[in-house]
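Given next are the chains, with one letter for each unit.
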Amino acid sequence: MKITKDIKYVGVNDHEVDLFEGQYIVENGMAYNSYVITDEKVAVMDTVDANFKDEWLNNIKKVLGDREPDYLIIQHMEPDHSANIANFMQVYKNTKVVSTAKAFAMMKQFFGTDFAERQVVVNDGDTLSLGSHTLTFVFAPMVHWPEVMVTYDSTDKVLFSADGFGKFGALDADEEWDCEARRYYIGIVAKYGKQVQTLLQKAASLDIAIICPLHGPVLTENLGHYINLYDIWSSYRVESEGTVIAYTSVYGHTKTAAEKLAELLEKKGEKVIVYDLARCDMAEAVEDAFRYGKLVLATITYNGGIFPFMHDFINRLEEHSYQNRTVAFIENGTWASTAAKVMKGMLEGCKDIRFAENTVTVKSALNDESMAQIEALADELCRA
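What this report covers is the structure whose coordinates are included nearby. (Residues numbered from 1 in each chain as written. Predicted model: local features only at pLDDT ≥ 70, side-chain atom pairs only at ≥ 80, totals over all residues. Heavy atoms only, no water.)

### Here's the deal with the overall build of the protein
What counts here: Starting at the N terminus, helices and strands are each numbered in turn, a helix being any DSSP run of H or I of at least four residues and a strand any DSSP run of E of at least two. By the convention used here, residues are in contact when the closest approach between their heavy atoms is within 4.5 Å. Areas reported as accessible are Shrake-Rupley estimates using a 1.4 Å probe. Residue values count occlusion only from the protein chains shown. His is not counted here, nor are the chain ends, while Lys and Arg score as positive and Asp and Glu score as negative. Charge coordinates come from a single atom per side chain, which is NZ of Lys, CZ of Arg, CG of Asp or CD of Glu.
Across its full length, the protein carries 12 helices and 22 strands. Along the longest, intermediate and shortest principal axes, the C-alpha atoms of the protein span 80 × 40 × 35 Å. For the protein, the share of sequence-separated contacts (at least 6 apart) that also reach a separation of at least 24 residues comes to 69%. Carbon and sulfur atoms make up 46% of the accessible area of the protein, which totals about 16,600 Å². Here the protein carries 37 positive and 57 negative side-chain charges, and the mean point of each set is 3 Å from the other.

### Some points on helix α1 (residues 53–64)
Our working rule: Residue count minus one, scaled by 1.5 Å, sets the expected span of a helix. Residue burial is assigned from relative accessible area. The probe radius is 1.4 Å, only protein chains are included, and a residue is buried under 20% of its type maximum, exposed over 50%, and partly exposed in between. The reported arc concerns the directions from the helix axis to the C-beta atoms and nothing else.
The terminal C-alpha atoms of α1 lie 17 Å apart, and with 12 residues this matches the ideal 16 Å at 1.5 Å per residue to within 8%. Turning to α1, its buried residues are W56, L57, N59, I60 and L64. When α1 is viewed along its axis, its buried side chains cluster within an angular range of 155° and face the same direction. Away from its buried face, by an angle of more than 90 degrees, α1 presents the exposed residues D54 and K62.

### Describing the packing of aromatic side chains
How we decide: The aromatic pairing rule takes the rings of Phe, Tyr and Trp, using the six-membered ring of Trp, and pairs them if the centres are within 6.5 Å, calling planes under 30 degrees apart stacked, those over 60 edge-to-face and the rest tilted.
The final tally for this structure, using the stated rule, is 19 aromatic pairs. Both rings, one in F88 and one in Y92, keep their centres 4.9 Å apart while their planes meet at 45°; by these two values the pair is tilted. Across the pair, Y92 and F88 agree in class, each one buried. For the pair F110 and F111, a centre-to-centre distance of 6.2 Å together with 45° between the ring planes defines the contact as tilted. An aromatic cluster is built from F165, W177, Y185, Y226, Y230 and W233, whose rings are joined through pairwise contacts.

### A look at the packing of helix α8 (residues 253–267) against helix α12 (residues 368–383)
Each packed pair of helices is defined by two parameters, the angle between the axes and the distance between the axes. Threshold: Between N-to-C directions, angles cover 0 to 180 degrees, with each direction set by a line fitted to C-alpha atoms, over the stretch in contact for helices. Reported orientations rely on four angle classes, namely roughly parallel under 35 degrees, roughly antiparallel over 145, roughly perpendicular from 65 to 115, and oblique for the rest. Each helix crossing is assigned a hand: it is left-handed if the near helix lies turned anticlockwise from the far helix by less than a right angle, otherwise right-handed if that turn is clockwise. Gly counts as polar in this scheme, as do all residues outside two lists: the nonpolar Ala, Val, Leu, Ile, Met, Phe, Trp, Tyr, Cys and Pro, and the charged Asp, Glu, Lys and Arg.
Between α8 and α12, whose axes approach to 9 Å, the crossing angle comes to 45°. Taken together, α8 and α12 sit at an angle that is classed as oblique. Of the two possible hands of crossing, α8 and α12 adopt the one that is right-handed. Note on element contacts: α12 touches α8 through M371, I374, E375, L377, A378, L381 and C382, opposite A257, K260, L261, L264 and L265. Tallied by class, the residues present in the contact of α8 with α12 amount to 10 nonpolar, no polar and 2 charged.

### Brief notes about the sheet that holds strand β8 (residues 71–73)
Cut-off, in case you're wondering: The pairing criterion for strands is at least two bridges between them, as found by DSSP.
Strands sit in the order β1-β6-β7-β8-β9-β10 across an open sheet of 6 strands; the sheet is mixed. Here the strands that pair on one side only, and so sit at the sheet edges, are β1 (7–9) and β10 (119–121). Pairs of neighbouring strands in the sheet enclose a mean axial angle of 25°, with direction left out of account. The pairing of β1 with strand β6 (residues 35–38) spans 3 bridges and is antiparallel. The residue bridging K8 from the neighbouring strand is V36, located in β6. Running at roughly 20° to β6, α1 makes contact with β1, β6 and β7 (42–45) of the sheet. Against the sheet, helix α4 (residues 101–111) engages β9 (96–99) and β10, with an angle of about 125° to β9.

### Some details on the environment of E176
Inspection of the secondary structure assignment puts E176 in the loop between β14 (158–160) and α5 (177–188). Separated by 139 residues in the primary sequence, E176 and N315 place their C-alpha atoms 29 Å from one another.

These results come straight from atomic positions and should not be treated as a statement about function.
See below:
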C-alpha cells in the first residue's frame, strides 16, 4: 500500500487472534502496522507480531528489492510491534536500530541483547536525516508504556503515532473507526489521559497531513475528527449524552428493576444502554461507561459484598481512571442489603464522581416502595 511517494505500508492482518492482549474480543481480527520510508537512506518503522515474521519480511523485500535498510526505528516495545527485531537484525546485518534508552533496556530483556554495536539512542526532539526526509522523535512516555516515542516526518507531514490513534480490527474489515477505536483507547490507554493530553499538546505544533498508527487504518482525511475524539477521551469529558445501566441478576428481580428504570428513562427521552454484566463483552460496557455521562450500577448483595461480575466491572472502571460522571445505585437483598454501600465505597477514590441522591433498595422483589424509588431516580437522572 502506497501512503506517499516514499512511504509504503508493509504491515500484516491477523485473522487468527481471538483475544487481543489475552482479553479483548476482536471478531474482525487485528492489524499490526509497519512502514518503510525510502530515500537516500531507508528506514523501517517498527516490526510486527511474532506469528507474521515471514509475511512481514517478504513485504519489506517486495518494497526494497535488493536494497538494505539503514535503520530500524522502534517506537514501542510491546511484542505485537517488537517481536521480530532480532529476526530482522539477523536478515539485515548492517542495519542500525534507532530507539530510546528505555527501549534498548527492554530489548535486552526480550532478546538477550541490546544490539550495542548497532544501536542509535535518541533523545526527545532529536532528528534523523534520510536525505530529503527528516524525522523528528517525540517522546510519549506512558502512552501507554514508558519507552514510547512517536516520529514526525516533516517532508510528507506524516505522524507515525505508535499505539496512538489505533483501533481493533484488521485493515480489510469494513467497520466504522470511532467505535473500535474508542474500545481500544478506553481498554488500553484510558488510564494515561494526562500523558495523552501532553502528547496532543506537542502534536498541535506540528503540521500533520497523515497519521500512521501501529494498529488500524492510516488516517488521511478529517484528522480534526480523530484528534477531537482523542482530546475528549483523554480529558475524561462526556462524549455523548445518555445513561448506561449495568446490572447483575441471579433470579431476575434486579434485572426487572434495571429494565423498569430503563423504560422510564426512555419515556422521558433519555438515551439508555443496558448491559447484563454476566453476558456482555465487558470491554464494551466499560467503553460506554466512559462514553456517556451517567451510570447506574444494579446488583445484589452477595457473600456480604457484591456479585463478582459487578465487582470486576467496577474494578475495571477504577483502574482505567473513571471520573467526571454521575453514578447511581440499585441494590437488592433479601436480608442485610449492603450492595450500594460496597459499590459506592469502591468508587469513592475516583475523581469528580457525583453520586445520585436517590438509591433504589429492592428487598427480594419489586414492590410499590421500590418502584417509587425507581421513579424518583429516573426523575433525578433526567435532571442531571
